[in-house]
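Take a look at the letters that make up each chain.
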Amino acid sequence: MATPVRDGRPPFAALAGERLEKLFDALPSPCYLLDEGALRRNGEMMARLAQRTGCKLLLAQKAFSNYDLYPTLAPYLAGTEASGLYEARLGREELPDKEVHVFCGAYREDEFEPLLTYADHIVFNSPRQLAKFGPRAKRVGKSLGLRINPECSTQEGHAIYDPCAPGSRLGTTRSQWDAQMTPELVSLLDGLHFHTLCEQDSDALETTLQAVEAWFGDVLPRMSWLNFGGGHHITRPGYDLPRLEGCIRHAQERWGVEVYLEPGEAWALNAGYLRASVLDVLQNGETSIAILDASAACHMPDVLEMPYRPPLLGGGEPGEQPYTYRLGGPTCLAGDVIGDYSFSAPLEEGDSLLFGDMAIYTTCKNNTFNGMPLPAIWVRRENGGLEELVSFGYDDFKGRLGRRN
């Protein structure tokens, strides 16, 4: 059974009118292709949201951290969100005039001092971490927050991405707050942070915000900001923007807080591709199989982790077109399967394929399992020109496993 495509996306709209043969001839296989124009269109949509509501929008670098394209997004960003020291440093170095926010499940002692040189806002996961590191950060002028857990699950089918699941390690519940948050600790806080969504519409945010109000409404008037976290699919066609804007205004008016959002996918949704080629075609019983030079496990790990079935240019649902194939990678992992797709003609060795929505959770999550080479990263500029940003080789595989000679 095929896993679902992320709903509502037009992943190849930016290529309308493009001569694909020319595009494929210019690119190595496999390679990522980032689309500068699509990034800008997403940024412009986000900027209009900020202008209408006064909220501040951050780029969650865990989803998209290709810093060569940060200048394209810079005019629309209030800053970046980091999950630790390295991402915080990247945000500070590449967007030095923007805010740097960081949240980590737990901070390391040996990394916290360097972190203070990069971050403006530091969010803690627990009262204990706030007590350990908060006074030090406060003394040097950092804005401090605590991640809360409103204990309100709104996700269906993606338990791995549900921070409100029973026993979650992410966020402070109200019972934990009541047991551990002394007046001294509360006085350290400037804001609260929650992140409960994953690729969801604003109805889920509205439900979550009601739970936040129920559990922490008495605390919020003492805060200066509230961070709605990420997972908001703002740039997806059909997303309910008026409802989102209502949520933002409710928080602003009810508690007098500045509202932050830190989406990742929304900035780079449908702004990248993965070019691949067919290496072999084989038959196992009634299943036709095509082995590609691109791997789900190595080059698009979210396909297996989510899981989901990525869009493919010219590829239909199984049985929709005359020839159906299971597309898989060349690794030894039996489950290295991208999905089942149908085509108008049989696949042959050397055929080029183009997967969509490959700017997010790809280049920042890929790996070299089995010694698989990392795909080069290219960019399609707004004028249609193609430019290689970086390529990788054997040294990139070997260098992370042992001594660098």
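Nothing here was measured: the structure is a model prediction, and the numbers come from that model. (Residues numbered from 1 in each chain as written. Predicted model: local features only at pLDDT ≥ 70, side-chain atom pairs only at ≥ 80, totals over all residues. Heavy atoms only, no water.)

### A word on the sheet that holds strand β5 (residues 121-124)
So the rule is basically this: At least two bridges found by DSSP between two strands is the condition for calling them paired. Counting from the N terminus, the helices are DSSP H or I runs at least four residues long and the strands are E runs at least two residues long. Every axis corresponds to a line fitted to the C-alpha atoms, with the helix fit spanning only the stretch in contact, and the corresponding angles, defined between N-to-C directions, vary from 0 to 180 degrees. In what follows, a contact means two residues having at least one pair of non-hydrogen atoms within 4.5 Å.
With respect to topology, eight strands assemble into a closed barrel ordered β2-β3-β4-β5-β6-β7-β8-β9, the strand pairing being parallel. Put simply, the sheet's adjacent strands are angled 25° from each other on average, direction ignored. Direction of pairing for strand β2 (residues 56-60) relative to strand β9 (residues 258-261): parallel, over a ladder of two bridges. Residue pairing in the sheet places Leu 57 in a bridge with Leu 261 of β9. Against the sheet, helix α10 (residues 241-255) touches β8 (225-227) and β9, its axis set at about 145° to β9.

### As for the side chain of Glu 36
What counts is decided by this rule: Exposure classes here rest on a 1.4 Å probe applied to the protein chains alone. A residue is buried below 20% of its type maximum, exposed above 50%, and partly exposed in between.
With respect to the helices and strands, Glu 36 occurs in helix α2 (residues 36-53). Exposure remark for Glu 36: the relative accessible area of 11% places this residue in the buried category. Dropping the residues within four chain positions of it, Glu 36 is found in contact with Leu 69, Thr 72, Val 379, Arg 380, Arg 381 and Glu 382.

### A few points about the packing of aromatic side chains
So the rule is basically this: Pairing of aromatic rings covers Phe, Tyr and the six-membered ring of Trp, with a centre-to-centre limit of 6.5 Å; geometry is then stacked below 30 degrees between planes, edge-to-face above 60, and tilted otherwise.
Applying the stated criterion across every chain, the model contains twelve aromatic pairs. A centroid spacing of 6.3 Å and a plane angle of 75° characterise the contact between Tyr 107 and Phe 133, whose relative ring orientation is edge-to-face. One end of the pair, Tyr 107, is in the loop between β4 (99-103) and α5 (109-116); the other, Phe 133, is in helix α6 (residues 127-139), with 26 residues separating them in the sequence. Taken as a pair, Tyr 107 and Phe 133 share a single burial class, namely buried. Ring geometry for Trp 177 versus Phe 216: centroids 5.9 Å apart, planes at 75°, classification edge-to-face.

### Structural notes on the packing of helix α9 (residues 202-216) against α10
Heads up, the rule is: Throughout this description, any angle smaller than 35 degrees is read as roughly parallel, any larger than 145 degrees as roughly antiparallel, any in the 65 to 115 degree range as roughly perpendicular, and the remainder as oblique. What makes a crossing left-handed is the near helix being turned counterclockwise from the far one by less than a right angle; a clockwise turn instead makes it right-handed. Throughout, the ten residues Ala, Val, Leu, Ile, Met, Phe, Trp, Tyr, Cys and Pro are labelled nonpolar, Asp, Glu, Lys and Arg are labelled charged, and all others, Gly among them, are labelled polar.
Remark: α9 packs on α10, axes separated minimally by 8 Å, with the N-to-C direction vectors making an angle of 20°. Classified by the angle their axes make, α9 and α10 are roughly parallel. Like other packed secondary-structure pairs, α9 and α10 cross with a definite hand, here left-handed. Contact with α9, carried on its side by Ser 202, Asp 203, Leu 205, Glu 206, Leu 209 and Glu 213, involves Arg 243, Leu 244, Cys 247, His 250, Arg 254 and Trp 255 of α10 and no other residues of that element. By residue class, the composition of the contact of α9 with α10 is five nonpolar, two polar and five charged.

### A closer look at α2
We count it as follows: Expected helix span is given by 1.5 Å per residue-to-residue step, counting one fewer step than there are residues. Whenever two N or O atoms come within 3.5 Å, that pair is a polar contact, provided that in protein one can donate a hydrogen and the other can accept it, and provided that, for residues adjacent in sequence, both atoms are side-chain atoms.
The end-to-end C-alpha distance of α2 is 26 Å, a good match for the 26 Å that 18 residues give at a rise of 1.5 Å each. All of the buried residues in α2 are Glu 36, Gly 37, Ala 38, Leu 39, Asn 42, Gly 43, Met 46, Ala 47, Leu 49 and Thr 53. On the buried face of α2, the contacting elements are β1 (31-35), β2, α3 (70-73), α10, α11 (265-268) and β15 (376-380). By the N-cap criterion, in which a side-chain oxygen at the helix start approaches the backbone nitrogen of a residue two or three places on, α2 is capped by Asp 35, the distance to Gly 37 being 3.1 Å. Positive backbone phi, approximately 80°, marks Gly 54, located one or two places after α2.

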